[in-house]
Number of protein chains: 2
Amino acid sequence: MISSKNNSKIKGIKKLLSSAKERRVRGLFVIEGIRLVKEAPPEMVEQLYLSESLFRSGTFETDFYNNMEVVSDEVFQSVSDTVTPQGALALVRQPSWSLDPSELGDGCRLLLLDDIQDPGNLGTMIRTAEAAGVTMVVMSEGCADIFNPKVIRSTMGSIFRVPFVVDDLVSVVEALKAEGVIVYGAALDDAVDLRETEKAEKLAIVIGNEGNGISKGVLNSVSGKIRIPMEGRVESLNAAVSAALLLYYFRFFS
Amino acid sequence: MISSKNNSKIKGIKKLLSSAKERRVRGLFVIEGIRLVKEAPPEMVEQLYLSESLFRSGTFETDFYNNMEVVSDEVFQSVSDTVTPQGALALVRQPSWSLDPSELGDGCRLLLLDDIQDPGNLGTMIRTAEAAGVTMVVMSEGCADIFNPKVIRSTMGSIFRVPFVVDDLVSVVEALKAEGVIVYGAALDDAVDLRETEKAEKLAIVIGNEGNGISKGVLNSVSGKIRIPMEGRVESLNAAVSAALLLYYFRFFS
């Protein structure tokens, strides 16, 4: 049992939690909580850590995992994000997806995210994307790190089920259009009400940065700019709300 | 000019920022940022504070305000929530709305919030409510304090334009139903797909707590339970996303 905060594995977890670079170099990320750990495909779990209490309770089935370590409650608390940790934490291998626009069939729907900064927004968008049946999420290099613990938590497990890549959005938009995908950018100015758009067999939606919207280069590449109707004196909607409304409109409400 | 962090007004601002009780007792709340301060109706502004830099720049029009104080940049920084403050902050009187169900006309739409805990979610819902033309937001006593600085920031100014009250939701639901308002609760079990609901002339939607959904008493009172369609293995959506989808569906997409 690990009972020292100075244990190298414990230090390693803390580094993975705090450093995007460390996560990239090691190709791992950290998940915490019984439910989230159980949602991770066991073959992706590099290392499972259980608190002494949870291990002794016998309520957490460990048969599926190759590498399991028990950690004293005190040390577990020291790496946990929560005040009363549930006692389950895992290092998970980063999934590696790829996007081949020529393989996208009719009915595909992509969500392109341009420099989304807020981890909660990003995670919520991944969660909503799964619910709306999104084929793939494409993030610009300027997006928050998807393996940031706050993003992971906000995805509520969708991180394991929604394919995603990080790529240059202008190139991706051009490649998608070449394959017949209609790429709509969510915008406020010179934009068409989404209810007036034609139905697209292959569809991609671009959501821009919380403060600045979609960057110029990307906006110049899209097939069309669309806007969400708004009453009152609201100038814009929250980015995750905008993504949800657009994805749901095209999937379920049109 | 206020140049000491121990100034009683400065201490008062800090207390208002950190304590819901203090805000209730004084009937005030704090807003920060040039844009947000400008969105506040001047007659609601009890006291305006400008940083020395902003005041000297002459770019902030102060004619509309009765009470203005200049604060040294260093002291302003000490009360600011942000790393690089814009230099405008105001104490604002809490608006006081009331709900009279007998006065609700056709086309009214209410948003009822049952113990929404996350300040960002709550603020985002107020912002979205304005965009969807909501008549009034009713919050249960267990909701986060609407005058919490994080809520205020997330509303992006809608706090000044959307009527809201805090009340017992069961009583409100009963009173609304008595006036012919259809009250739908967002639920996961035993619920009807929202696309299969009948159009309501007077409509209220209840959104429940992030973890536990709508409380039993309220759920037993609603006219009907409705659910948002979901693909994949998603068990639920973020509360602010759910509110947005329901409000927009009934307002714009049905």
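(A) Expanded view of the sheet that holds strand S1 (residues 28-32) of chain A. Residue and element names in this part refer to chain A. Pairing is mixed in the open sheet, where 4 strands are placed in the order S1-S4-S2-S3. Edge strands, defined here as strands with exactly one partner in the open sheet, are S1 and strand S3 (68-71). Each strand axis lies, on average, 20° off the axis of its neighbour in the sheet, ignoring direction. Relative to strand S4 (residues 88-93), S1 runs antiparallel, the two sharing 5 bridges. Looking across to S4, one finds that Val30 is bridged to Leu91. The strands that helix H1 (residues 8-18) touches are S1, strand S2 (45-51), S3 and S4; relative to S1, the one it contacts most, it runs at about 95°.

(B) Local environment of the packing of aromatic side chains. Scanning the model with the defined rule gives 21 aromatic pairs over all chains in all. Plain terms: the ring middles of Tyr249 of chain B and Phe250 of chain B are 5.3 Å apart, the flat faces sit at 80° to each other, and that makes the pair edge-to-face. For the pair Tyr249 of chain B and Phe250 of chain B, one class covers both residues: buried. Each member of the aromatic cluster is reached from another via a ring pair, and the members are Tyr184, Tyr248, Tyr249, Phe250, Phe252 and Phe253 of chain A together with Tyr184, Tyr248, Tyr249, Phe250, Phe252 and Phe253 of chain B.

(C) Fine view of the relation of the copies chain A and chain B. Note on the copies: chain A fits chain B at an RMSD of 0.0 Å, the axial shift is 0.0 Å, and the rotation between them is 180°. Here the symmetry operator amounts to a two-fold rotation axis. When the interface residues of chain A are mapped onto chain B, 100% of them again lie at the interface, so the same face is used by both copies.

(D) The arrangement of unusual backbone geometry in detail. At Met156 of chain A, a residue that is not glycine, the phi angle is positive and equals roughly 50°. Inspection of the secondary structure puts Met156 of chain A in the loop between helix H7 (149-155) and strand S7 (164-166). Note on Met156 of chain A: relative accessible area 38%, which makes it partly exposed. A positive phi angle is found at Asp115 of chain B, which is not glycine, with a value near 55°. Position of Asp115 of chain B relative to the elements: it lies in the loop between strand S5 (109-113) and helix H6 (119-131). Overall, Asp115 of chain B belongs to the partly exposed group, its relative accessible area being 28%.

(E) Fine view of the pairing of strand S8 (residues 182-186) of chain A. Pairing of S8 of chain A with strand S10 (residues 203-207) of chain A, which is carried by 4 bridges, proceeds in the parallel orientation. Bridge pairing in S10 of chain A links Val183 of chain A to Ala204 of chain A.

(F) Just the packing of H6 of chain B against helix H10 (residues 239-253) of chain B, in detail. All names here are of chain B. Following both chains from N to C, one finds H6 and H10 inclined at 10°, their axes separated by 9 Å at the closest point. By the angle between their axes, H6 is roughly parallel relative to H10. Contact residues: H6 offers Asn121, Thr124, Met125, Thr128, Ala129 and Ala131, while H10 offers Ala239, Ala240, Ala243, Ala244, Leu247, Tyr248 and Phe252. Across the contact of H6 with H10, the residue classes tally to 10 nonpolar, 3 polar and no charged.

(G) Inspection of the domain arrangement of chain A at higher detail. All names here are of chain A. When its domains are assigned, chain A resolves into domain 1 (8-93) and domain 2 (101-253). The gap between the C-alpha centroids of domain 1 and domain 2 is 31 Å. In this complex, domain 1 contributes 13 residues to the contact, which on the side of domain 2 involves 11 residues. Buried surface at the junction of domain 1 and domain 2, summed over both partners, amounts to about 980 Å²; 66% is from carbon and sulfur atoms. Counting the surface domain 1 buries against domain 2, the share from its top three residues, Arg23, Phe29 and Glu39, is 45%. Our count for the contact surface shared by domain 1 and domain 2 stands at 3 salt bridges.

(H) Fine view of the sheet that holds strand S9 (residues 192-193) of chain B. Residues and elements named next belong to chain B. Taken in spatial order, the 7 strands of this open sheet run S7-S6-S5-S10-S8-S11-S9, and their pairing is parallel. The sheet terminates laterally at strand S7 (164-166) and S9, the two strands that pair on one side only. In this sheet, S7 lies alongside strand S6 (residues 136-139) in parallel orientation, the contact comprising 3 bridges. Paired with Val137 across the strands is Phe164, a residue of S7. Sheet contacts for helix H8 (residues 169-178): S5, S6, strand S8 (182-186) and strand S10 (203-207); angle to S5, the most-contacted strand, approximately 160°. Against the sheet, H10 engages S5, S8, S10 and strand S11 (224-227), with an angle of about 165° to S10.

(I) The interface of chain A and chain B, seen in detail. Between chain A and chain B, the contact holds 33 residues from the first and 33 residues from the second. Contact between chain A and chain B buries roughly 2900 Å² in total, counting both sides, with carbon and sulfur atoms accounting for 60%. Considering only the surface of chain A that becomes buried against chain B, Arg127, Glu231 and Phe253 of chain A emerge as the three largest contributors, covering 23% of it. Taken together, the connections running from chain A to chain B amount to 4 salt bridges. Here Glu235 of chain A and Arg35 of chain B are joined by a salt bridge, their closest N and O atoms 2.9 Å apart. Inspection of the chain A/chain B interface yields 16 residue pairs in polar contact (both at pLDDT 80 or more). Sorting the residues of the side of chain A that touches chain B by element identifies helix H6 (119-131) and helix H10 (239-253) of chain A as the ones contributing at least two each. Per-element accounting of the side of chain A that touches chain B gives the leading share, 9 residues, to H10 of chain A. For the side of chain A that touches chain B, the class distribution of residues is 16 nonpolar, 7 polar and 10 charged.

The rules we used
Residues numbered from 1 in each chain as written. Chains lettered and ligands numbered in written order. Predicted model: local features only at pLDDT ≥ 70, side-chain atom pairs only at ≥ 80, totals over all residues. Heavy atoms only, no water. Pairing = 2+ DSSP bridges. Helix = DSSP H or I, 4+ residues; strand = E, 2+ residues; numbered from the N terminus. Axes fitted to C-alpha atoms, helices over the stretch in contact; angles between N-to-C directions. Contact = heavy atoms within 4.5 Å. Phe/Tyr/Trp six-rings, centres within 6.5 Å; stacked < 30°, edge-to-face > 60°. Buried < 20%, exposed > 50% of the residue type's maximum accessible area, 1.4 Å probe, protein only. Least-squares fit on C-alpha atoms with pLDDT ≥ 70 in both. Parallel < 35°, antiparallel > 145°, perpendicular 65-115°, else oblique. Nonpolar A, V, L, I, M, F, W, Y, C, P; charged D, E, K, R; others polar. Domains from an automatic or database assignment. Buried area = accessible area lost by both parts, 1.4 Å probe. Salt bridge = Lys/Arg side-chain N within 4 Å of Asp/Glu carboxyl O. Polar contact = N/O pair within 3.5 Å; in protein donor to acceptor, adjacent residues only side chain to side chain.

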